[in-house]
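Listed below are the residues making up each chain.
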Amino acid sequence: MFSTFAKAGLATLIALGGISFTAPAASAGPDVQYRVQVQDGYGHRPGWGRPDRPRRGCSASLAEEKASRMGLRRARVVDVSPRRVVVAGFNRYGRDRVVFANERGCPVIRR
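Structural notes, computed from the coordinates. (Residues numbered from 1 in each chain as written. Predicted model: local features only at pLDDT ≥ 70, side-chain atom pairs only at ≥ 80, totals over all residues. Heavy atoms only, no water.)

As for a positive patch on the surface
- Taken together, the side chains of R73, R74, R76 and R95 define a basic patch exposed on the protein surface.
- Tallying contributions element by element places strand β1 (residues 73-80) first for the positive patch, with 3 residues.
- By the secondary structure assignment, R73 is in strand β1. (Patch = residues over 30% accessible without salt bridge, like charges linked within 9 Å, V, L, I, M, F, W, Y side chains within 5 Å. Areas by Shrake-Rupley, 256 points an atom, 1.4 Å probe, with all protein chains shown as cover. Salt bridge = Lys/Arg side-chain N within 4 Å of Asp/Glu carboxyl O. Lys, Arg positive; Asp, Glu negative; His and termini not counted. Charge placed at Lys NZ, Arg CZ, Asp CG, Glu CD. Helix = DSSP H or I, 4+ residues; strand = E, 2+ residues; numbered from the N terminus.)

Next up, the structure:
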């Protein structure tokens, strides 16, 4: 019987202690200040880089040259979208294509 009262008393002490710890944290709400940083889609803050130069993507001639260095003969650009540049040609097994990202340096997405 005594152990039941002891357990109930301990449970109430834990509950009251939890309430006393959460009350100051809840009352600190209006005093908290938030800072907002404006960033573009690439994670850069405004003013970085050169705003007078537009963002350059993968040019068709660079994509063809890179594909030919990768072993694609008679490489030509067959599709250009805002995200990718597709170059088709022939390798030693037959027709093949290479997909580049339309970003600076033409990184390879798929071969």
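Description of the nonpolar core
- Counting residues in hydrophobic clusters, the biggest one holds 10 residues: C58, A63, A67, L72, A75, V85, V87, V98, F100 and C106.
- Elements with a minimum of two residues in this core: α2 (60-69), β2 (84-91) and β3 (94-101).
- Not counting chain neighbours up to four residues away, the residues in contact with A75 comprise E64, A67, V87, A88 and G89. (Core = buried A, V, L, I, M, F, W, Y, C linked by side-chain atoms within 4.5 Å. Buried < 20%, exposed > 50% of the residue type's maximum accessible area, 1.4 Å probe, protein only. Contact = heavy atoms within 4.5 Å.)

So, the pairing of β3
- Relative to β3, β2 runs antiparallel, the two sharing 8 bridges. Within β3, the position partnered with V85 by the bridge is F100.
- Hairpin connection from β2 to β3: 2 residues lie between these consecutive antiparallel strands.
- For β3 and strand β4 (residues 108-110), the ladder comprises 2 bridges, and the chain directions are antiparallel. Counted as the bridge partner of V99 is R110 from β4.
- Joining the antiparallel neighbours β3 and β4 is a turn of 6 residues, in which G105 adopts a positive phi near 95 degrees. (Pairing = 2+ DSSP bridges.)

A look at unusual backbone geometry
- Its identity is not glycine, yet R74 carries a phi of approximately 50 degrees, on the positive side.
- Along the chain, R74 turns up in strand β1.
- One non-glycine residue, C106, lies in the positive phi region at around 50 degrees.
- For C106, the position within the fold is in the loop between β3 and β4.

Observations regarding the pattern of salt bridges
- Under the definition given, this model contains 2 salt bridges.
- In this structure, D96 engages R111 in a salt bridge whose closest nitrogen and oxygen atoms are separated by 4.0 Å. With D96 in strand β3 and R111 in the segment after β4, the pair connects residues that are 15 residues apart, well separated along the chain.
- Residue R111 is classed as partly exposed on the basis of its relative accessible area, which comes to 48%.

Everything listed is a geometric property; what it means functionally is a separate question.
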